[in-house]
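Observations on the three-dimensional arrangement
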Amino acid sequence: VRVSGTLATPNVREIRTRMLAELGALSFPFGVDWEITGQSAELIESFRTLVLAGLASIFLVYVVMVIQFERFIQPLIVLSSIPFTMIGVILTLLVFGSTLSIVSFLGIIALAGIVVNNAIVMIDYTNLLRRRYEVPLHEAVIQGAASRLRPILMTTLTTILGLTPMALGIGEGAEFIAPIGQATAGGLVTSTAVTLFVVP
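Values in this document were obtained by computation on a predicted structure and should not be read as measured data.

Quick notes on the overall build of the protein chain
- Helices and strands together make up the secondary structure of the protein chain, namely 9 helices and 0 strands.
- Here the C-alpha atoms of the protein chain give a radius of gyration of 22 Å, more than 25% beyond the 16 Å that 2.2 N^0.38 yields for 200 residues.
- Here the C-alpha coordinates of the protein chain stretch approximately 75 × 40 × 25 Å along the principal axes.
- Counting the 200 residues in the protein chain, one finds 35% classified as buried.
- Pairs at least 24 apart in sequence give 69% of the contacts found in the protein chain among residues at least 6 apart.
- Of the roughly 12600 Å² that the protein chain leaves accessible, carbon and sulfur atoms contribute 67%.
- For the protein chain, the distance from the average site of its 11 positive side-chain charges to the average site of its 12 negative ones is 10 Å.

So this is what it looks like as structure tokens:
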């Protein structure tokens, strides 16, 4: 027996959670089993695929940075800014009333490549000061952070402003892709703060 219905709200995950709770409380006779299929099952499968894609993108970013820096530890410092993006992502989605969907998850995957740029610029300049001018580590970190402050803020601000029309859902059909802009812009704000303070 297949039971289907049309959702009154677009929040598939919330409805799935409620259905699982209700079905789990029921006692079925021996030999009777059930499973949730359709859009809900496809959504869960898509999330699994996107999580794997996100992990793969982070690994590839790490490999590229290891080749660039010729070190294993500094790329990990750069990657430390990625988890903090989730603070901005979640807060921005809450402000706009959006949910963590497949569309917003695409923005999170894009963030894995975008947010590391600021930290790369800062660390690369610090390495340059130490290698070329033999500046001590502590002083090189301070100089690197101070001199790269303006470029980092300019890059972040231009990216956020460029994403603003998408995040606001301006235009016909734009509300569908709005969560990508919201997630990316929100994640950039918090990751930039982390880059400016935690990375040094």
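That was the structure; now back to the text.
Structural notes on unusual backbone geometry
- One non-glycine residue, Glu70, lies in positive phi territory at about 60 degrees.
- Following the sequence through the fold, Glu70 ends up in the loop between helix 2 (39-69) and helix 3 (73-79).
- What makes Glu70 exposed here is its relative accessible area of 71%.
- With a phi angle near 55 degrees, Glu134 is a residue other than glycine that sits in the positive phi range.
- Judged by its relative accessible area of 67%, Glu134 is exposed.

Examining the packing of helix 4 (residues 85-96) against helix 5 (residues 102-114)
- In contact at an axis separation of 11 Å, helix 4 and helix 5 are set at 150 degrees when each is read in the N-to-C sense. Classified by the angle their axes make, helix 4 and helix 5 are roughly antiparallel. Like other packed secondary-structure pairs, helix 4 and helix 5 cross with a definite hand, here right-handed. For the pair formed by helix 4 and helix 5, the contact residues are Thr85, Met86, Val89 and Leu93 on the first element and Ser104, Ile108 and Leu111 on the second.
- By residue class, the composition of the contact of helix 4 with helix 5 is 5 nonpolar, 2 polar and no charged.

Scoring rules and cut-offs
Residues numbered from 1 in each chain as written. Predicted model: local features only at pLDDT ≥ 70, side-chain atom pairs only at ≥ 80, totals over all residues. Heavy atoms only, no water. Helix = DSSP H or I, 4+ residues; strand = E, 2+ residues; numbered from the N terminus. Rg over C-alpha atoms; globule rule 2.2 N^0.38 Å. Buried < 20%, exposed > 50% of the residue type's maximum accessible area, 1.4 Å probe, protein only. Contact = heavy atoms within 4.5 Å. Areas by Shrake-Rupley, 256 points an atom, 1.4 Å probe, with all protein chains shown as cover. Lys, Arg positive; Asp, Glu negative; His and termini not counted. Charge placed at Lys NZ, Arg CZ, Asp CG, Glu CD. Axes fitted to C-alpha atoms, helices over the stretch in contact; angles between N-to-C directions. Parallel < 35°, antiparallel > 145°, perpendicular 65-115°, else oblique. Left-handed = near helix turned anticlockwise from the far one by under 90°. Nonpolar A, V, L, I, M, F, W, Y, C, P; charged D, E, K, R; others polar.

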